[in-house]
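Listed here are the chains, written in short residue letters.
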Amino acid sequence: MLTEQALLGLTDARVSAAVQLVWREARLLDGKRYEEWDRLWAPHGRYVIPIDPQTEDFEASLNMVYDDDRMRRMRIERLVSGYSISAVSAARTVRTVSNFVVVRSEEEAVELNSAQVLVGYKREETFVLGADLTHRVVFDGGEPRIARKVIRLLNAQEAVSATGFLL
């Protein structure tokens, strides 16, 4: 159940900007506009897909993905270069991000939890991925930027096949 404080936080201008950034991110990812997506990130931002759904210590845990700026850009390069087999037959996706809850709101940053439902289509098959998301959004010169994105896939502890797209 949402607390009154969490609901009131959604009316804050910085929180609204953070939610809009998350929605823009989803549109860019569905459009495979990965280089534009990369520009949404703050310096030293982390893109994380942990295996353990409870972990908060990503550096000491096993993760499917734990990307800093350099690794994120290398991942994007593989996806846009056409040399990666997973990129050549990348799935088409449509995602919905909703159920936003303000976890923390500070002067310089907002942390949001949300739910993502991603529907993909690849090789004549449709699939669904569900995930709990956590975005830490910082305001660099007034512009919201993603400082950390944690994607907790519902099936993270099961075998997950290569996706050929970013979550």
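Residues numbered from 1 in each chain as written. Predicted model: local features only at pLDDT ≥ 70, side-chain atom pairs only at ≥ 80, totals over all residues. Heavy atoms only, no water.

(A) Summary view of the side chain of aspartate 67. Along the polypeptide, aspartate 67 turns up in strand E2 (residues 63-67). Looking at aspartate 67, its side chain comes within polar contact range of the side chain of arginine 75, at 2.6 Å. With sequence-adjacent residues up to four places away left out, aspartate 67 is seen in contact with Gly45, Arg46, Tyr47, Arg72 and Arg75. (Helix = DSSP H or I, 4+ residues; strand = E, 2+ residues; numbered from the N terminus. Polar contact = N/O pair within 3.5 Å; in protein donor to acceptor, adjacent residues only side chain to side chain. Contact = heavy atoms within 4.5 Å.)

(B) Looking closely at the sheet that holds strand E1 (residues 41-50). Read across the sheet, 6 strands follow the order E2-E1-E6-E5-E4-E3 without closing on themselves; strand pairing throughout is mixed. Two strands bound the open sheet, and with one partner strand each, they are E2 and strand E3 (92-105). Averaged over all adjacent pairs, the angle separating strand axes in this sheet is 20°, with direction ignored. Of the pairings in the sheet, the one linking E1 to E2 comprises 4 bridges and is antiparallel in character. Among the inter-strand pairings, tyrosine 47 is bridged to a residue of E2, identified as aspartate 67. The strands that helix H4 (residues 69-81) touches are E1 and E2; relative to E1, the one it contacts most, it runs at about 70°. (Pairing = 2+ DSSP bridges. Axes fitted to C-alpha atoms, helices over the stretch in contact; angles between N-to-C directions.)

(C) Looking closely at the packing of aromatic side chains. In this structure the tally under the stated criterion is 4 aromatic pairs. Aromatic pair tryptophan 37 and tyrosine 47: ring centres 5.5 Å apart, planes at 80°, arrangement edge-to-face. Of this pair, tryptophan 37 sits in helix H3 (residues 34-38) while tyrosine 47 is found in strand E1, placing the two residues 10 residues apart along the sequence. In terms of burial, tryptophan 37 and tyrosine 47 fall into one category: buried. Ring geometry for tryptophan 41 against tyrosine 47: centres 6.2 Å apart, planes inclined by 85°, an arrangement best described as edge-to-face. Accessibility classification places tryptophan 41 together with tyrosine 47 in one group, the buried group. A network of ring pairs unites the aromatic residues Trp37, Trp41 and Tyr47 as a single cluster. (Phe/Tyr/Trp six-rings, centres within 6.5 Å; stacked < 30°, edge-to-face > 60°. Buried < 20%, exposed > 50% of the residue type's maximum accessible area, 1.4 Å probe, protein only.)

(D) Seen up close, the pairing of E3. Sheet topology places E3 next to strand E4 (residues 109-122); 11 bridges connect them, and they run antiparallel. Counterpart to valine 102 in the pairing with E4 is leucine 112. Here E3 folds back onto E4, and the loop between the two strands holds 3 residues.

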